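Summary of the model geometry
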Amino acid sequence: MRAGTLALVLASLIPAVHGIWPFKQKRFTAEALYNAGRLGLPEDSGRVVAIGDVDGDQNSDLFVLSKDRKTIHVMVWKRDSFMYEERDKLVFEHEITNVTPADFNGDGRMDLLVMWGGNSGGGWWGNSGKMSTDMEIVMGHRDGLSKGERWKIPSAAIAQPMLFDDDHNLAPALLGLAETPDGPKMRAWRNTGSTLRLFTPMFSPPDQVCQIIHPPVGAHSSAFVDMDGDCAPDVVLHCGGARANHRSLQIWLNRGEQGYILSNSWPLPVGSRSITYADMNRNGAMDLIFSTCSKAKITTGLGDNCKIHVAYNKQARLCDTKSSQFAAGGRLICRGYEELCSADPHFDFQFWENSPDFPTVSIEKLFPGFKLMITVPGQSDIPLPLRPGDFDVDGFPDLLITISDGKKSLVKVLHNVPCGKGVPGCGEYSASYSRGFQVLGGKGWEALEEIEDAVGASWIDLDDDGSLDILVHRTGEQTGETVTFIQNNFYHDAFFLKGQVLNGACDRRQCVPADGGKPYSALGCSISGATFKFTSFDTRGNRHAQKVAQLPQTCYHSLLSPHTFMGLGRTNNYIENLKVGTSLKSDEDRVTSLDGVIPNSQVILNPPWARDPRSNESVLYRSTEWRTELFLHPGDWIPWVGAAVVGTVVTLGMVVVWLGEREKREDEKERRRALHAINFQAL
């Protein structure tokens, strides 16, 4: 009877104890991938077209197209419910082809560049009409994007223009093809603060500018990213050739007020496809990642005889000294670890077969019976590039790809690993090869492997938890879902860093409107092309240089996050030296430095405001200098560390009290002995 009563009392206490339990219950417990479903996205969802931060809360919000591609659903992440909620909806009369978030008018609110296909009569396939890309900018508004004014800007010719900095003042401009009396020519849509107007870009020599790839041949992979190592973003043009499968690459170096100077042009291997950019071998230089296929079929989006290539950026290595070292003729030999942003104009790429600087992996050998999906089936205007992302936070980006055998389409992760015998991408394996790829799968990967109707995938950091999750686009044939999120719950014994460079529109992170309205967050205003370059130590004490770009590509559903994610690997030290570069004119303002950055943190940098102060007077206080804020990531172990500290302090306190009482008793005994001895002597 007493035992039963005691059990009832304990059972009644369990809910109360659970209510005051300080440790958050984990949503996912096992080390595995979890199918999180569509997480609140609309049932009529088409493809996710862009990632941004609508409300400036440091979470990844989504812009989702409807199935008819005429409606943009603005979905914001709600951490409490672990789900997306619709914040706004934009309806257009045209089929949307691309969406690009940026702050165009400099008020610290995120605006939206919307593109759709235009036609002046006829089409691509031999008709007399000319295709165009029409554009409109939807201004951010306190009551939502649907309430904001709209800028109608000049149309582009066929190809989608990309974001870059034409005037070196961090104002987002566009670069692309525009119709002229002499046919399509490269033009810049310069940002005046109230609209975008067409200008001839500051390229030298101007007659060497190539014509970027455009439909129906394909989609270009041009980028605004640092290639020569000076931390200032350069212009990379993905150029077409005389034949459809002949393409090349032009790199125009950023020289501030002088504009962009042609560095070199490289012919790409025959059959090359979309290009992405990442530091694949962790040496502080931006490499090229792309596939080659002998041919492709538009209806299926599959390529034949496809291979994956990494073209390593060959430039000056990292010195063991603080200062850089130069040859007798002034050529840079190596960069000092405190001079990471020293330019190496002699950087180069090699596209030779069987070269350790150009490793190759055959898709058909890696996945027998499968082919690489290079575009969305039936939609050649939506490429599916090889998407780099540091899945295991070791500092070496992995690759996310989609493959199909004609019956099922799968998403696979290729793990970037050191070379060894039998590792794909390491040739016949020699000391000259550094990195290769292994296919991840098996136990814990069932949630991803069970999806068999994939039509593309990209990386995303759900819930801002410091790990890369996977967003999978689907046909809906398997379960009816067109978008599925795969939660990454693997434990990786490594550190990370998240970074964001703002545009300086507002002082610190808050914007104070001139009309006396409520202040709002400026954290949705990431700039394109910013560079993070840093050195860190591994557990063996070896120093490594590493480089990551912020929003280097903005065309054709690039799906890059406004928050830059950097894996650090295992380290027992701070990030030694972090350089952050922008496209500002002056050398003094272009780059800033941070020392001793704590791993597992987020760093937010706000550069000085460089636009004409009269271009937009809606904000009271502009940034006047580089400002940096560091936020520590609250790991799951912090409550346990706190409990251990409190427990230790309480235990030590109890020991001190006990020792004090014991000392008092000993003193009392000693006093009594002395008193007894005095009394005895008196007798």
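Each value, and the rule that gives it
- Residues numbered from 1 in each chain as written.
- Predicted model: local features only at pLDDT ≥ 70, side-chain atom pairs only at ≥ 80, totals over all residues.
- Heavy atoms only, no water.
- UniProt positions renumbered as here; feature names shortened; annotations may be inferred.
- Helix = DSSP H or I, 4+ residues; strand = E, 2+ residues; numbered from the N terminus.
- Rg over C-alpha atoms; globule rule 2.2 N^0.38 Å.
- Contact = heavy atoms within 4.5 Å.
- Lys, Arg positive; Asp, Glu negative; His and termini not counted.
- Charge placed at Lys NZ, Arg CZ, Asp CG, Glu CD.
- Pairing = 2+ DSSP bridges.
- Axes fitted to C-alpha atoms, helices over the stretch in contact; angles between N-to-C directions.
- pLDDT = per-residue confidence, 0-100.
- Core = buried A, V, L, I, M, F, W, Y, C linked by side-chain atoms within 4.5 Å.
- Buried < 20%, exposed > 50% of the residue type's maximum accessible area, 1.4 Å probe, protein only.
- Phe/Tyr/Trp six-rings, centres within 6.5 Å; stacked < 30°, edge-to-face > 60°.
- Domains from an automatic or database assignment.
- Buried area = accessible area lost by both parts, 1.4 Å probe.
- Patch = residues over 30% accessible without salt bridge, like charges linked within 9 Å, V, L, I, M, F, W, Y side chains within 5 Å.
- Areas by Shrake-Rupley, 256 points an atom, 1.4 Å probe, with all protein chains shown as cover.
- Salt bridge = Lys/Arg side-chain N within 4 Å of Asp/Glu carboxyl O.

- An unreviewed UniProt entry lists the protein under the name T-cell immunomodulatory protein TIP C2 domain-containing protein, with Cutaneotrichosporon oleaginosum as the source organism.
- The Sequence similarities (unreviewed entry) comment attached to the protein in UniProt states, word for word, "Belongs to the TIP family."
- On record in UniProt, under Subcellular location (unreviewed entry), the comment for the protein is "Membrane".

1. A closer look at the overall build of the protein
- The helix and strand inventory of the protein stands at 5 helices and 47 strands.
- A compact globule built from 683 residues would reach a C-alpha radius of gyration of about 26 Å, and the protein, at 29 Å, matches this within 12%.
- Excluding contacts between residues fewer than 6 apart, the proportion of contacts in the protein whose partners are at least 24 apart in sequence is 58%.
- Charged side chains in the protein number 69 positive and 82 negative. The centres of these two groups are separated by 3 Å.

2. Some remarks on the environment of Tyr621
- Relative to the assigned elements, Tyr621 resides in the loop between strand S46 (601–606) and strand S47 (627–632).
- With 111 residues separating them in the primary sequence, Tyr621 and Gln510 have C-alpha atoms 9.3 Å apart.
- Excluding residues that lie within four positions of it along the chain, Tyr621 makes contacts with Ala505, Cys506, Asp507 and Val512.

3. So, the sheet that holds strand S20 (residues 287–292)
- Taken in spatial order, the 4 strands line up as S19-S20-S23-S27 in an open sheet, and their pairing is antiparallel. A strand with exactly one partner marks an edge of an open sheet, and here the two such strands are strand S19 (272–278) and strand S27 (360–362). On average, adjacent strands in this sheet sit at an angle of 20° to one another, irrespective of strand direction.
- As paired strands, S20 and strand S23 (residues 307–311) are joined by 5 bridges and run antiparallel to one another. Residue pairing for S23: Leu288 is matched across the bridge by Ala311.

4. Describing the confidence of the model for the protein
- Residues of the protein with pLDDT of at least 70 account for 91%, and the chain-wide mean is 89.
- In this model, residues 5–23 is a region of pLDDT below 50 whose contacts with residues beyond four sequence positions or in other chains number 5 contacts.
- Considering only residues more than four positions removed or in separate chains, one finds that residues 119–128, a stretch of pLDDT under 50, has 18 contacts.

5. A look at the nonpolar core
- Residues Met280, Ile308, Phe367, Leu372, Ile401 and Leu414 are the most contacted members of the largest nonpolar core, which totals 22 residues.
- At the level of elements, S23, helix H2 (363–366), strand S32 (398–404) and strand S33 (409–418) are the ones that each hand at least two residues to this core.
- The element contributing the most residues to this core is S32, with 3 residues.
- In contact with Ile308, other than residues within four places in its own chain, are Phe290, Ser291, Pro359, Thr360, Val361, Ile363, Leu386, Leu399, Ile401 and Leu414.

6. Here's the deal with the packing of aromatic side chains
- Per the stated rule, a full pass over the model turns up 20 aromatic pairs.
- Taken together, a centroid distance of 6.1 Å and an interplanar angle of 85° make the contact between Phe164 and Phe224 edge-to-face. Of this pair, Phe164 sits in strand S10 (residues 162–164) while Phe224 sits in strand S15 (residues 223–225), and the two are 60 residues apart along the sequence.
- Judged by its relative accessible area of 3%, Phe164 falls in the buried class.

7. Here we look at the domain arrangement of the protein
- Assigned domains within the protein: domain 1 (36–122 + 129–496) and domain 2 (497–637).
- The gap between the C-alpha centroids of domain 1 and domain 2 is 20 Å.
- Between domain 1 and domain 2, the buried area comes to about 6800 Å², and carbon and sulfur atoms account for 55% of it.
- By the criterion of area lost to domain 2, the three top residues of domain 1 are Leu170, Arg282 and Phe496, representing 14% of everything that side buries.

8. Considerations on the pairing of strand S36 (residues 469–474)
- With 6 of its 6 residues buried, S36 lies for the most part within the structure.
- Residues Asp469, Leu471 and His473 of S36 are buried on one face, and the alternating residues Ile470, Val472 and Arg474, pointing to the opposite face, are buried as well.
- Where strand S35 (residues 454–460) and S36 come together, 5 bridges link them in antiparallel fashion. Counted as the bridge partner of Ile460 is Asp469 from S36.
- The pairing of S36 with strand S37 (residues 483–488) spans 4 bridges and is antiparallel. Within S37, the position partnered with His473 by the bridge is Val483.

9. Concerning unusual backbone geometry
- Of note, the amide linkage connecting Ser204 to Pro205 takes the cis form, showing an omega dihedral of 0°.
- Note on placement: Pro205 falls in the loop between strand S14 (203–204) and S15.
- Cis geometry is found at the peptide bond from Pro215 to Pro216, where omega equals 5°.
- Looking at where Pro216 falls in the secondary structure, it is placed in the loop between S14 and S15.
- With a phi angle near 50°, Phe82 is a residue other than glycine that sits in the positive phi range.

10. Some thoughts on a nonpolar patch on the surface
- Residues Tyr574, Ile598, Leu630 and Leu632 make up a contiguous nonpolar surface patch of about 380 Å² in total accessible area.
- Topologically, Tyr574 is positioned in the loop between strand S43 (564–569) and strand S44 (575–581).

11. Quick look at the pattern of salt bridges
- Here the structure, examined in full by the defined rule, presents 26 salt bridges.
- Here Arg87 and Asp55 are joined by a salt bridge, their closest N and O atoms 3.7 Å apart. On the criterion of sequence distance, the pair formed by Arg87 in strand S5 (residues 83–91) and Asp55 in the loop between strand S2 (45–52) and strand S3 (61–66) is long-range, its members being 32 residues apart.
- In this structure, Glu670 and Arg673 form a salt bridge, with 3.3 Å as the shortest nitrogen-oxygen distance. With Glu670 and Arg673 both in helix H5 (residues 638–682) and 3 residues apart, the pair spans about one turn of that helix.

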